[in-house]
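# Understanding the architecture of this molecule
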Amino acid sequence: MRFEPNETQRLVRDTARDFARRAVAPEAARIEREEQIPRELLRELAGLGLMGVNVPEELGGAGAGTVAYSLALTEIAYACASTAVTMAVTNMVGEVIARFGTDAQKRKHNPALCSGTLGAFALSEVDAGSDPGGMKTVARRDGADWVIDGTKQWISHGDESGVLVVWARTSGGGPKGLSCFLVEPDMPGFSVAGKEDKMGLRGSHTCSLVFEEMRVPGDALLGEEGAGFRIAMMALDGGRIGIASQALGIGEAAWDASVRYSKERRQFGVPIAQHQAIQWMIADGRTELDAARVLTLRAAWLKERGEPFTREASMAKVYTTEAAWRVANRAVQVHGGYGYTREFPVERYLRDVRVTQIYEGTSEVQRLVISRGLLRD
């Protein structure tokens, strides 16, 4: 079977590819070195329709579908994984609001997100990462308002977002008592406690957030009260397609770098590409990445058709992220000592791709999702 994108998907992919290679890739090393979110590049991404690829056109998005989104994100991640993270999270926030928001919430936030305002996904906490049911952030009613108290951890660009989707406990214990809120950073009681000093993705800020007696209006509730866990799981299912797409882009960049270097570098009188040990690394990488692409696009296709895709998204994420890690690791090996220096980008690919096996659900969680689905059938 050969996947052939339709005209819209091809246009979105090619637009993302051209912009990524022409504008993003030359800035990737600087973005990491300065640890700055590239706001000008993100505004240009928004102008190309890439900050709301799967958001309906009437809300300011491209309405191009999940497959087009996956293809575009892969291209951006090929050039700069940090920029791809910001694009992915903002797209995910836009989709969540478009699906669960009121008409007023959609009109207020979706056009802004699609135009370059960043969105944050504030779910994780220190003791509630893989287990959101252990969440301790609370929201209580006070008249017509809600008051939120708690902290969030590992929140991508939480310091530069114009709107945050925040989960808090509104009743009971476990996952059933969670609700979801739309929060803006200028609301009193919101603060950024700090940024993590990370191994990779250094051009994407990862923050801890504090909500201290933060008062939000009653209409900030996203979806129904108590439906927060369901919203989070549905968003994460789609988000896992995004992470697989991101990992695929990094893996493709690492594989291409390995091929180029193996043809240029000479040892024992010939290019190292003529040595079987290198040839097998190249062959294994291409095989794994092609398989990863099929798994990722299958999950995206199912989501776009409105069919169940939870298990397929987990398969795509766990396989693609681990395959991309292997490809990036081999890329460093192919480059030898140079691969361990910043003279070549492969060391950055290795550092950037590692976290894809952790966030949006660890590899271990993905295997749980897959096995439970299989054994329930």
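Everything that follows concerns the structure shown earlier in this document.
From a predicted model like this one, the values you see are computed outputs, not experimental measurements. By convention here, each chain's residues receive numbers from 1 onward along its written sequence. Restriction of local features to residues with pLDDT of at least 70 applies here, the model being predicted, together with a cutoff of 80 or more for giving and counting side-chain atom pairs; totals for whole chains, interfaces and linings are based on all residues. To get the side-chain values, take all heavy atoms of the structure and skip hydrogens and water.

Glancing now at the packing of aromatic side chains. Two rings belonging to Phe, Tyr or Trp (six-membered ring only in the last case) form a pair when the distance between their centres is within 6.5 Å. Interplanar angles under 30 degrees mark stacking, angles over 60 mark edge-to-face geometry, and anything in between is tilted. Enumeration according to the criterion identifies five aromatic pairs in this entry. Taken together, a centroid distance of 5.9 Å and an interplanar angle of 65° make the contact between Y338 and F344 edge-to-face. Chaining the aromatic ring pairs together yields one cluster made of Y261, Y338 and F344. A ring is scored as having a charge over it whenever the NZ atom of a lysine or the CZ atom of an arginine sits within 6 Å of its centre and within 35 degrees of its normal. Note that R21 overlies the ring of Y78, its terminal NZ or CZ placed 3.8 Å from the centroid.

Further remarks concern the environment of R202. Relative to the helices and strands, R202 resides in the loop between β6 (190-195) and β7 (206-216). By definition, residues are in contact when any of their heavy atoms lie within 4.5 Å. Leave out the neighbours within four places in its chain, and R202 touches E32, E35, S82, D197 and R351. Here a polar contact means two N or O atoms within 3.5 Å. Within protein one must be a hydrogen donor candidate and the other an acceptor candidate, and residues neighboring in sequence count only if both atoms are side-chain atoms. Polar contacts involving the side chain of R202 include one to the side chain of E35, which spans 2.5 Å. A run of DSSP states H or I qualifies as a helix once it reaches four residues; a run of E qualifies as a strand once it reaches two. Both are numbered from the N-terminal end.

All right, on to the environment of A25 then. Within the secondary structure, A25 sits in the loop between α1 (7-24) and α2 (28-34). Classification of A25 as partly exposed rests on a relative accessible area of 34%. Separated by 51 residues in the primary sequence, A25 and I76 have C-alpha atoms spaced 8.6 Å apart. Residues within four places of A25 in sequence aside, it is in contact with A20 and A79. Think of it in three bands: residues with accessible area under 20% of the maximum for their type are buried, residues over 50% are exposed, and the middle band is partly exposed, with areas taken using a 1.4 Å probe on protein chains only.

The next thing to look at is empty space enclosed by the protein. Using protein atoms alone on a 1 Å grid, points that fit a 1.4 Å probe yet trap it form a cavity, whereas open point sets bounded by protein on both sides within 12 Å along at least five of seven lines form a pocket; residues with an atom within 4 Å of a point count as lining. Grid points are joined across faces, edges and corners, and a volume is the space filled by probe spheres set on the points. For the structure shown, the criterion picks out four cavities of 30 Å³ or more. In this structure, the largest cavity encloses a volume near 50 Å³. Counting residues per element, the ones that place at least two in the lining of the largest cavity are α5 (81-100) and α7 (228-264). Forming the walls of the second largest cavity are A77, Y78, A79, C80, A81, I250, R348, Y349 and D352. When residues of the lining of the second largest cavity are traced back to their parent elements, those giving at least two are α4 (66-79) and α10 (346-354). The residue makeup of the lining of the second largest cavity, split by class, is seven nonpolar, no polar and two charged. Ten residues, namely Ala, Val, Leu, Ile, Met, Phe, Trp, Tyr, Cys and Pro, are considered nonpolar, four, namely Asp, Glu, Lys and Arg, are considered charged, and the remaining ones, Gly among them, are considered polar.

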